[in-house]
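Each chain, letter by letter, is given below.
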Amino acid sequence: MSGTEYALELRDLRKSFGKTEIIRGANLAVRPGERVAVIGPNGAGKSTLFNLVSGRFEPTSGQVLLHGQRIDGRKPYEINRMGLSRSFQITNIFPKLSVFENLRCGVLWSLGYRYTFFKFLADLEDANERAEQLLSQIHLERKRDVLAVNLTYAEQRALEIGITIGGGAGVILLDEPTAGMSKSETRRFIELIKEVTVGKTLLTVEHDMGVVFGLADKIAVVVYGEVIAFDTPENVRANARVQEAYLGSHIADAQAGAH
Ligand SMILES: Nc1ncnc2c1ncn2[C@@H]1O[C@H](COP(=O)(O)OP(=O)(O)OP(=O)(O)O)[C@@H](O)[C@H]1O
């Protein structure tokens, strides 16, 4: 079997809810290090795809491969420990813990605490070090001991990214990472995401075309439960099928906004 050249692969993936097929034979092959924005009209199935990849839903049929290994049907925590991490948005943050403690919890959790207490103690030092590193990566050093609940919204989203990358996963899934941010926050946040995902494979679900074109090496266009195009932003922009199905006006807006 091939597949190991890809960080993430979907093969004829299908998911039905009751009698309705929502994901209708999705195929995608993402190379290591690619940054991919998943776009598509409302209800096209983007979130469902993320849920299938991260293990929240089990596919009705088809396969999901992480570095060539089947992960479909596995539990989210197993998939996480195999190297795929998904942001769970703010709900993943412990509001009454400090920024540092949140990061450290994320690191420790990713190590998988089914171990003995002594192993835990031995790892604690590493986890502390790793948490300090993450703190500076997400530029929140000055907020180290602030409770998460007291952070600004953008800072909470940065913390969420820190927790998401904390376990060292090679494939990162982010669901609308800049949703709810101002224009300037969004710009800075795109840079942050780029910095912290260097060398990693990134998939985002995104509605904001500014973010898509600022962040993505490749765009996957999902329409009606299928990936109808997967290509560079330039080629997707020029793809007649995509324009017809969805993009035309959004692209024009994004281009107008960029000048
Ligand atoms: N658990 C579920 N049970 C039944 N139907 C579902 C379930 N989850 C999603 N759906 C349906 O699947 C379709 C695709 O939803 P999904 O949220 O994946 O789309 P999306 O592309 O992420 O949309 P949006 O951009 O609006 O977030 C929708 O019609 C939705 O109602």
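Note that the coordinates shown come from a computational prediction; the quantities given were computed from them, not determined experimentally.

Each value, and the rule that gives it
Note that residues are indexed from 1 along each chain, following the sequence as it is written. Given that the model is predicted, a residue must reach a pLDDT of at least 70 before its local features are reported, and side-chain atom pairs must reach 80 or more before they are shown or counted; all residues, however, enter totals for whole chains, interfaces and linings. Working rule for contacts: place C-beta from the backbone, and if it is within 6 Å of a molecule or strand, that residue counts as near it. Here a helix means four or more residues in a row that DSSP labels H or I, a strand means two or more in a row labelled E, and each is numbered from the N terminus. Any residue outside Ala, Val, Leu, Ile, Met, Phe, Trp, Tyr, Cys, Pro, Asp, Glu, Lys and Arg is labelled polar, Gly included; the first ten of those are nonpolar and the last four are charged. Here the limits of each domain have been adopted from an automatic or database domain assignment. Distance between backbone-placed C-beta atoms decides contact: two residues are in contact if it is within 7 Å. By definition, a nonpolar core groups buried Ala, Val, Leu, Ile, Met, Phe, Trp, Tyr and Cys residues that are joined through C-beta atoms within 7 Å. For the exposure call, what matters is how many other C-beta atoms sit within 10 Å of a residue's own: 20 or more marks it buried, 12 or fewer exposed, and in between partly exposed, using C-beta atoms placed from the backbone. Orientation is described by axes fitted as lines to C-alpha atoms, over the contacting stretch for helices, and by angles from 0 to 180 degrees between their N-to-C directions. Reported orientations rely on four angle classes, namely roughly parallel under 35 degrees, roughly antiparallel over 145, roughly perpendicular from 65 to 115, and oblique for the rest. Each crossing is labelled by how the near helix is turned from the far one, with a counterclockwise turn of less than a right angle marking it left-handed and a clockwise turn marking it right-handed. The span you would expect from a helix comes to 1.5 Å times its residue count less one. The directions considered for the arc run from the helix axis to the C-beta atoms.

Novice: Before we move on, can you summarise the site of the ligand with the specific residues and values?
Specialist: Lining the immediate surroundings of the ligand are F17, I22, G40, N42, G43, A44, G45, K46, S47 and T48. Ranked by the residues each element gives to the shell around the ligand, the list is headed by helix α1 (residues 46–54), at three residues. Each residue belonging to the shell around the ligand can be placed in one class, and the counts come to three nonpolar, six polar and one charged.

Novice: An account of the domain arrangement of the protein chain is needed here, citing residue identities and associated values.
Specialist: We note that the domain assignment places domain 1 (1–83 + 171–233) and domain 2 (91–168) within the protein chain. Taking only C-alpha atoms into account, the centre of domain 1 sits 24 Å from that of domain 2. Each partner contributes to the interface: domain 1 provides eleven residues, whereas domain 2 provides 13 residues. When residues of the side of domain 1 that touches domain 2 are traced back to their parent elements, those giving at least two are α2 (76–81) and α6 (183–196). Along the lines of polarity and charge, the residues of the side of domain 1 that touches domain 2 split into seven nonpolar, two polar and two charged.

Novice: Can you break down the nonpolar core residue by residue, with the values?
Specialist: With 66 residues, the main nonpolar core has V38, V212 and V221 as its most contacted residues. Taken domain by domain, the makeup of this core includes at least three residues from each of domain 1 (1–83 + 171–233) and domain 2 (91–168).

Novice: With reference to specific residues and values, describe the packing of helix α3 (residues 99–111) against helix α5 (residues 153–166).
Specialist: α5 packs onto α3 with a crossing angle of 25° between their chain directions and a minimal axis gap of 8 Å. Here α3 lies roughly parallel to α5, going by the angle between them. As for the relative orientation of α3 and α5, their crossing is right-handed in sense. Contacts between α3 and α5 involve V99, N102, L103, G106, V107 and S110 from the first element and L159, G162, I163 and G166 from the second. Looking at the contact of α3 with α5, its residues break down into five nonpolar, five polar and no charged.

Novice: Before we move on, can you summarise the environment of K96 with the specific residues and values?
Specialist: With respect to the helices and strands, the residue K96 is situated in the loop between β6 (84–86) and α3. Separated by 54 residues in the primary sequence, K96 and N150 place their C-alpha atoms 9.0 Å from one another. Other than its neighbours up to four places away in sequence, K96 contacts L147 and V149.

Novice: Residue-level account of α6, with values.
Specialist: The end-to-end C-alpha distance of α6 is 20 Å, a good match for the 20 Å that 14 residues give at a rise of 1.5 Å each. Listing the buried residues of α6 in full gives F189, L192 and I193. Looking straight down α6, one finds that the buried residues subtend no more than 100° of arc, so they occupy a single side. Relative to its buried face, α6 has exposed residues pointing more than 90 degrees away, namely K183, S184 and E195. Buried residues along α6 sit in contact with α5 and α7 (209–215).

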